[in-house]
Amino acid sequence: MHLELQMVALHVPAVSMAAIHNGRIDWSEAKGVSSRGGSPVTTRTLFGAASISKPVTALGVLKLAVEHKIDLDTDVNQYLKRWKIPDSPFTVQKKVTVRELLNHTSGIGTHNGEIYDPNKPVPTLLELLDGKSPAKTPAVRVEAIPGTKFAYSNGGYAILYLLIEDVTGKSFSQYMQHAVLDPIGMKDSTFQAPLPQALAARAATAYWGDGVSAVPPAKFVEPNLAAGGLWTTPTDLAKFLIEAQREYTGTSHRVLHQSTMRHVVEHGTFRWGLGFEVGGEPDDLYLKHEGSAIFQNQMFVYLHGDGLVVMTNGGGGGTLVEQLLRSAGTVYGLPDFKPIERTSISVPSSTLAKYVGTYGFVKVAMNGDSLTAEIPAGSKPQNLYAESGTHFFVLDGPQELSFNVDEQKSVNDIDFITPINRIHLKRTDEPQKSRAN
C-alpha cells in the first residue's frame with residue numbers, strides 16, 4: 001500500500017510516527033497537514049493522545065508509591081480529601097485500591113471520554129465524578145465487587161486524577177510535568193487544558209470519520225486529564241517507552257526504579273499491567289496502549305526490543321494505524337505484529353446465534369450473519385472470523401475466542417486466548433432459549 005493514498009482513502013489528514021530500534025529512536029516522520037488547507041505537519045506537531053494518557057498517568061501515580069506517599073493496596077478513599085467513592089453493596093466486602101484503579105479491576109464501569117469546547121461550560125473534576133451538569137457522562141460509581149472483573153474505566157482514572165491532586169497539593173498538569181514529562185525529556189508534551197495558545201498553534205486539528213467535520217485544538221478539551229488529556233508527539237512517546245524499557249532493565253531510574261517497573265509489568269490481570277496492556281511471549285513481552293478520541297493512535301515497545309508510535313488526526317486513522325503496525329512488524333521482524341495468514345470458514349447463523357452473550361469482560365453480538373466481539377465490553381466491536389465451528393479470531397489483534405459447547409449444545413463459557421495466557425470466562429448473562437433451539 002502507498003501511505004499517502006491510504007491517508008486519502010481513509011480521510012486521515014495527518015499521520016506522525018516514531019520507530020524504536022535497539023533502545024533508541026530509529027527514525028521519525030510526519031505526513032500530511034495539521035488541518036485541511038493548513039500547514040504541513042512536522043514531527044513536533046502535537047496530537048491529542050487520548051487514552052495513551054493513561055500509562056503516562058500511571059507512572060505519576062506509581063512515583064507517589066515509590067516516595068511512600070501512597071500504598072497501592074490501601075483503600076484509595078484514605079487519600080482522597082475533596083470527594084470519596086460512595087459506599088455501595090459492592091464495596092461492603094472490599095474497598096477500591098489504587099492498584100485496581102490502575103489495572104481497570106476496581107469495579108467502576110466503563111465511561112466514554114467526552115470532548116468539550118472551552119468556550120462553553122466545561123465540567124470540573126468533581127462534577128465529572130458525580131455526573132453533574134455540564135458533565136455528559138454518568139457518575140463514577142462502583143458497579144461490581146472490586147478486584148473480581150475487568151472493565152476498562154475512564155472513570156477510574158478520574159479518581160487517580162483526584163488522588164494526585166489531593167496527595168500532592170499541586171494541579172494535575174503541574175505534577176505530571178514535574179514528575180514524569182520533564183525527567184523523561186518530553187519537551188513537546190503537556191496535560192494543560194485548554195492548550196495554551198502557543199501550543200495550540202502547532203497542534204493538529206481532529207477530524208471525524210468523514211474527513212470533513214473537525215474539532216480544532218482551541219476547542220478540544222478532555223476534562224478527565226488522567227484518562228485522555230495529554231497532548232504530545234510520537235517522538236516524545238517514544239522517549240517515554242524507551243525510559244520504560246530502561247527502567248525495566250535497570251539502566252535508568254528517571255521516574256521509577258527497576259523493581260517498580262517490573263511490578264508494573266508483572267502484577268496486572270486480564271492481560272493488563274499497571275497502566276499498560278501487556279502482550280507477547282513470557283520471555284519477550286511488550287507494552288502497548290492505544291488511544292481513540294477522534295484522534296486515533298497506538299504505541300508499543302518490546303521490553304528487550306523494538307517498538308513503534310503512530311498518531312493520526314482522522315477518525316479513519318484506526319485502520320491506518322493497524323496497517324502501519326503490520327508494516328513495521330514485517331520490516332523489524334516483530335513476532336506479534338507481523339501479518340498472519342489464516343483461513344476462515346462459513347458457520348451457519350443459527351450456530352453463531354448461540355454464542356451471543358457476555359462472558360466476563362468479553363461481549364459477543366450478532367451483526368447481520370456474522371459475530372462481533374467487544375474486547376473489553378464497551379469498546380468498539382470487532383468482527384469475529386471462524387477457523388472452526390467454535391474457534392474464532394479477530395483481524396486487528398492476537399486475541400482468539402474458543403466457545404465451549406456442552407452436550408445440550410449450550411454455550412456457558414469461553415476460553416479467551418492471547419499470546420501469553422488462556423483465560424477461562426464464564427457466561428455472565430442469561431442465555432436466551434431461542435438461541436439454543
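The rules behind these values
- Residues numbered from 1 in each chain as written.
- Predicted model: local features only at pLDDT ≥ 70, side-chain atom pairs only at ≥ 80, totals over all residues.
- Heavy atoms only, no water.
- Core = buried A, V, L, I, M, F, W, Y, C linked by side-chain atoms within 4.5 Å.
- Buried < 20%, exposed > 50% of the residue type's maximum accessible area, 1.4 Å probe, protein only.
- Helix = DSSP H or I, 4+ residues; strand = E, 2+ residues; numbered from the N terminus.
- Expected span 1.5 Å × (residues − 1).
- Polar contact = N/O pair within 3.5 Å; in protein donor to acceptor, adjacent residues only side chain to side chain.
- Lys, Arg positive; Asp, Glu negative; His and termini not counted.
- Salt bridge = Lys/Arg side-chain N within 4 Å of Asp/Glu carboxyl O.
- Phe/Tyr/Trp six-rings, centres within 6.5 Å; stacked < 30°, edge-to-face > 60°.
- Lys NZ or Arg CZ within 6 Å of the ring centre and 35° of its normal.

Trainee: Could you clarify how one ought to interpret the nonpolar core in this entry?
Mentor: Among the nonpolar cores identified, the biggest contains 86 residues, and V76, V98, L102, I159, L163 and F240 are the most heavily contacted of them. No other element matches the 8 residues that helix α5 (residues 154–168) contributes to this core. In this structure, V347, L352, F392 and F416 belong to the second largest nonpolar core, which totals 25 residues.

Trainee: Looking at this structure, how should I read α5?
Mentor: Side chains that are three or four residues apart share a direction in an α-helix, a result of its 3.6 residues per turn. With 15 residues, α5 extends 21 Å between its outermost C-alpha atoms, agreeing within 8% with the 21 Å of an ideal straight helix rising 1.5 Å per residue. For α5, a buried count of 13 out of 15 residues is recorded, marking the element as mostly surrounded by other parts of the structure. You can read the cap of α5 off the contacts: a side-chain oxygen lies 3.5 Å from the backbone nitrogen of G155, and it is on S153. Of the residues trailing α5, G169 is marked for its positive phi of about 75°.

Trainee: I would appreciate a short explanation of the side chain of K54 in the present structure.
Mentor: Here K54 shows up in helix α2 (residues 53–66). Although K54 is buried, it forms no salt bridge, and the closest oppositely charged side chain is E222 at an N-O distance of 7.4 Å. A distance of 2.8 Å separates a polar atom in the side chain of K54 from a polar atom in the side chain of S51.

Trainee: Which parts of the structure should I look at to understand the packing of aromatic side chains?
Mentor: Two measures describe an aromatic ring pair: the distance that separates the ring centres and the angle between the ring planes. The full count for this structure, using the stated rule, is 21 aromatic pairs. With 5.6 Å between their ring centres and 80° between their planes, W231 and F295 make a pair best called edge-to-face. Of this pair, W231 sits in strand β6 (residues 231–232) while F295 is found in strand β9 (residues 295–302), placing the two residues 64 residues apart along the sequence. Taken individually, W231 and F295 each receive the classification buried, so the pair is uniform in this respect. Here the aromatic rings of F392 and F403 are separated by 5.5 Å at their centres, their planes lie at 90°, and the arrangement is edge-to-face. Here the residue F392 occupies a position in strand β16 (residues 391–393), and F403 occupies one in strand β17 (residues 400–405), the gap between them amounting to 11 residues. For F392, a relative accessible area of 2% corresponds to the buried category. Taken together, the aromatic side chains of F150, Y152, W272, F361 and F416 make up a single cluster linked through ring pairs. The side chain of R36 reaches across the aromatic face of Y207, ending 5.4 Å from its centre. One residue, R342, lies across the ring of F393, its end atom 4.7 Å from the ring centre.

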